[in-house]
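Remarks on the overall topology
Residue strings, one per chain:
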Amino acid sequence: MDSFNSAPEAELRPLLTECLAVPRWIDAMVAGRPYASMDALLAASSVAAQGLSDEEVLGAIAGHPRIGERQKTGGVSARWSRSEQSGVDASQADRLAAANAAYEDRFGHIYLVCATGLSGAEMLGNLSSRMDNPPDVELRVVNDELAKIAALRLQKLIGS
């Protein structure tokens, strides 16, 4: 925590962008320093990540790969994404591709779930269960998933 709290803002902002690419969230995380503990950092992240605007949610998911696909760019976020999606089995690739396409046709953006610890079958089930959501409700679900991903990535950031 000490290095996070004392890091120059210019160095911290790109790292926080890898956790959640929402400038307002990044501003809040930087402004909230120093954090007394990881729990305090995660609580602040949760508060700052709730209630993102539709534009912020859509902007944040733009940098995420589809479930079952690898991120095209390199870097920390791509490495984290590969690790987070490690439950996806190659045998599920066709089903995931079809499900992703149906989701994108329905909502106009990629399907996003906090994939850590989920199998490919669980992700397919989650995607299927969300297909009946109204678009505005689905964006709130995506907002919640982004908050979970940000928390996991903050833990990786501090642990690294």
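Everything discussed here concerns the structure shown above.
Attention in this report is confined to the structure presented alongside it. What you are looking at is a predicted structure, and each value in this text was computed from that prediction instead of being measured.

Of the regular secondary structure elements, the protein chain holds nine helices and zero strands. Sequence-ordered secondary structure for the protein chain, helices as α and strands as β, is α-α-α-α-α-α-α-α-α. Classification of the 160 residues of the protein chain by burial places 42% in the buried group. A separation of at least 24 residues holds for 71% of the contacts in the protein chain among residues at least 6 apart in sequence. Of the roughly 7800 Å² that the protein chain leaves accessible, carbon and sulfur atoms contribute 55%.

The interhelical angle for the contact between helix α5 (residues 54-61) and helix α9 (residues 135-159), taken along N-to-C directions, is 55°, at an axis separation of 10 Å. The angle between the axes of α5 and α9 places the two elements in the oblique class. Here α5 and α9 pass one another in a crossing that is left-handed. Along the contact surface, α5 presents D54, V57, L58, A60 and I61, while α9 presents L139, R140, V142, N143 and L146. In terms of residue class, the contact of α5 with α9 is made up of seven nonpolar, one polar and two charged.

In this section: the environment of E145. Structurally, E145 is set in helix α9. Excluding residues that lie within four positions of it along the chain, E145 makes contacts with L112, V113, C114 and R130. In this structure the side chain of E145 is engaged in a polar contact, spanning 2.6 Å, whose partner is the backbone nitrogen of C114.

Take the nonpolar core next. A general trend in soluble globular proteins is that nonpolar side chains are found buried together. The biggest cluster of nonpolar side chains holds 43 residues, and the ones touching the most others in it are L16, L20, W25, M29, L146 and L154. Secondary structure elements with two or more residues in this core: α2 (9-19), α3 (23-31), α4 (38-49), α5, α7 (93-107), α8 (120-130) and α9.

Conventions we followed
- Residues numbered from 1 in each chain as written.
- Predicted model: local features only at pLDDT ≥ 70, side-chain atom pairs only at ≥ 80, totals over all residues.
- Heavy atoms only, no water.
- Helix = DSSP H or I, 4+ residues; strand = E, 2+ residues; numbered from the N terminus.
- Buried < 20%, exposed > 50% of the residue type's maximum accessible area, 1.4 Å probe, protein only.
- Contact = heavy atoms within 4.5 Å.
- Areas by Shrake-Rupley, 256 points an atom, 1.4 Å probe, with all protein chains shown as cover.
- Axes fitted to C-alpha atoms, helices over the stretch in contact; angles between N-to-C directions.
- Parallel < 35°, antiparallel > 145°, perpendicular 65-115°, else oblique.
- Left-handed = near helix turned anticlockwise from the far one by under 90°.
- Nonpolar A, V, L, I, M, F, W, Y, C, P; charged D, E, K, R; others polar.
- Polar contact = N/O pair within 3.5 Å; in protein donor to acceptor, adjacent residues only side chain to side chain.
- Core = buried A, V, L, I, M, F, W, Y, C linked by side-chain atoms within 4.5 Å.

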